[in-house]
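Reading the structure
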Amino acid sequence: MRPFPARRRAGRSSANANGLFFAYPVGIPHESRMKDTIERLLGDALATLMGDGTLPAGTAPAIQVERTRDPSHGDLASNVALTLAKAAGMKPRDLAGRLCEALPADPAVARTEIAGPGFINFFLAADASTAVVADALRAGERFGECDEGAGRKVQVEFVSANPTGPLHVGHGRGAAVGDSLCRLLRATGWDVSSEFYYNDAGQQIENLARSVQARCRGQAPGDAGWPEDGYRGDYIVEVAEAYLRCDSVAAEDRQVTGAGDPEDLEAIRDFAVAWLRHEQDLDLKAFGVDFDVYFLESSLYRSGEVEDTVRLLVDGGKTYEQDGALWLRTTDYGDDKDRVMRKADGGYTYFLPDVAYHLNKWRRGFTRVINEQGADHHSTVTRVRAGLQALEQDIPAGWPDYVLHQMVTVMRDGAEVKLSKRAGSYVTLRDLIDEVGRDATRYFLAARAPSSQLTFDIDLALSQSNDNPVYYIQYAHARVCSVHQRLAEAGLAWDREAALAQLTLLGNDEEQELLRALARYPETVARAAREAEPHAVANYLRELAGHFHTFYNAHKVLVDDAALRDARVALAEAVRQAIANGLGLLGVGAPERM
């Protein structure tokens, strides 16, 4: 997957007489544009109150404008009167009243009202409420995109599985979250590089090689001579058979041919790692996930970067020798205890190549890095950050960022599914894809906050009901496509620009609710990218689909009144565009027929 070029939009700015400054780009999403408008109006009102002495001169509050949850409370609301009441020496409701009186007239605002202890609610004019339909139809596949990233570089590392077996469902969750995050960041103007880090060195690779060697010798788990920590899945048999046949396998950066010699452990190791890397790559391609960079842990040793990292830490006085091991003073940087870097036998712990790898990332120019990993990596966060600080390479504290996902439990018929015959001890990602399809697998694995444990219900994922969120959302998209098909079959013309002139006819409750939900899409995308929360898009799409189904079930779209028909088709098509774009951010398809 390649990042598309970052887009830079021209900008405008305004400053009132008291220096309150507002800057907003041309072509920004509807909801953000409406919020900017309200913030500008409030800024002007505050300037007026500073001018007449109601507020102290130089007051510079952070003006917050949020969408209301209840449409009876308007479209947008601000708590600015609550935050400034003390400075004004007034009750919040009284200050809110003065602010409303000082608000400049604007065609986007139909009226205001004061609610509760002093909130100011804004009701948008009909033209402003329906502007999101024009935004969606004219932007098309780029509806919801913005330039918040401004072309800055960000690297997202995810999956990064050891090449010792098929990808399990936990890797699948990391793939779904990580790839969706990359898509979100690209959609919001970041220059994204996705990366897979292969742990192709260390004890687990040694266990893999010896497991394959045992199979090559005709041994099975439980036999004399079987490695104590050997891998038992049927896939080990497949690797051994391919090696003995002298098969060739292509990994991302190399092609390896099996030597066929059961006693050549080094040749077995190279072949087994390449075979499983290829296997994992096939699983990821079936999942719709690709990477810009595949990085091998072994390359850090070949390039000398691990030794260079050790030298920097030793020369900087950050280490000490104890019990024959080399320790790093990580407690100086917030860790709960110092960490071993080099063991007494001369081997390095996992911690050290992790630090060397992240120093490599920093030197490649990635001032922002997001690591999406399993929650079992939680303890490494502090260690890696401490190690990087100890290097004294001007790396900011708290770098890199982490998104940690919790475990996945797979259920069928009310019981947990625990084993895969081929993998031996866990459910594989390919098992799920084969069982329920890529779309359902990707949606379900990304639909909950990574910090929450996830139950994957196979029966629900296969059901064609409103309880299945994937079906529910995709069905909304297909319903709009059927509207266009019936238009064509009836010989009715629909012109987009003409339809946009009729949007004020969208006045009933269901249409207004759907417009409000649609208007939240661009801001949802921006916030999901900003906070690294792809599940926010998944949840939003289900809500939007719900509003659409409610509208569609309550009102006929292809009515006899041509103007109303055009307006409703425009609204439906705008919703279809948002659903298609949002599903695309999750790597999920948007079928035209169900």
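All values reported here derive from a predicted model rather than from experimental measurement. (Residues numbered from 1 in each chain as written. Predicted model: local features only at pLDDT ≥ 70, side-chain atom pairs only at ≥ 80, totals over all residues. Heavy atoms only, no water.)

**Description of the sheet that holds strand S11 (residues 293-296)**
Rule in force here: Here, a strand pair is defined by DSSP locating no fewer than two bridges between the strands. For helices the rule is a DSSP run of H or I covering at least 4 residues; for strands it is a run of E covering at least 2, with both sets numbered from the N terminus onward. Note on geometry: axes are C-alpha line fits, over the in-contact stretch for helices, and angles between N-to-C directions span 0 to 180 degrees.
Pairing in this open sheet of five strands is parallel, and the strands run S11-S8-S7-S15-S16 from one edge to the other. A single partner strand is all that each edge strand has here, and the edge strands are S11 and strand S16 (401-405). Across the sheet, the mean angle from the axis of one strand to that of its neighbour is 25°, orientation sign disregarded. By the bridge criterion, three bridges tie strand S7 (residues 153-157) to strand S15 (residues 369-374) in an arrangement that is parallel. Following the sheet pairing, Val156 is matched in S15 by Ile370.

**Some words on the packing of aromatic side chains**
Defined as follows: Between 30 and 60 degrees the pair is tilted, below 30 it is stacked and above 60 it is edge-to-face, where a pair is any two Phe, Tyr or Trp rings, Trp via its six-membered ring, whose centres lie within 6.5 Å. With a 1.4 Å probe rolled over the protein chains alone, any residue whose accessible area is under 20% of its type maximum counts as buried; one over 50% counts as exposed, and the rest are partly exposed. Comment: the charge-over-ring label is applied if NZ (Lys) or CZ (Arg) is within 6 Å of the ring centre and within 35 degrees of the ring normal.
For the coordinates displayed, the defined rule picks out 20 aromatic pairs. Here the aromatic rings of Tyr443 and Phe444 are separated by 6.3 Å at their centres, their planes lie at 75°, and the arrangement is edge-to-face. Each member of the pair, Tyr443 as well as Phe444, is classed as buried. Grouping aromatic residues by their ring pairs yields a cluster made of Phe158, Phe196, Tyr198, Phe291 and Tyr294. A cation over a ring is seen here: Arg111 above Phe123, with NZ or CZ 3.7 Å from the ring centre. Stacked on the ring of Phe366, the Lys or Arg Lys153 has its end atom at 4.5 Å from the ring centre.

**Here we look at the side chain of Gln213**
Rule in force here: It only takes one pair of heavy atoms within 4.5 Å for two residues to be counted as in contact.
Its place among the elements puts Gln213 in helix H6 (residues 203-216). If sequence neighbours within four positions are ignored, Gln213 has contacts with Pro262, Glu263, Leu265 and Ile268.

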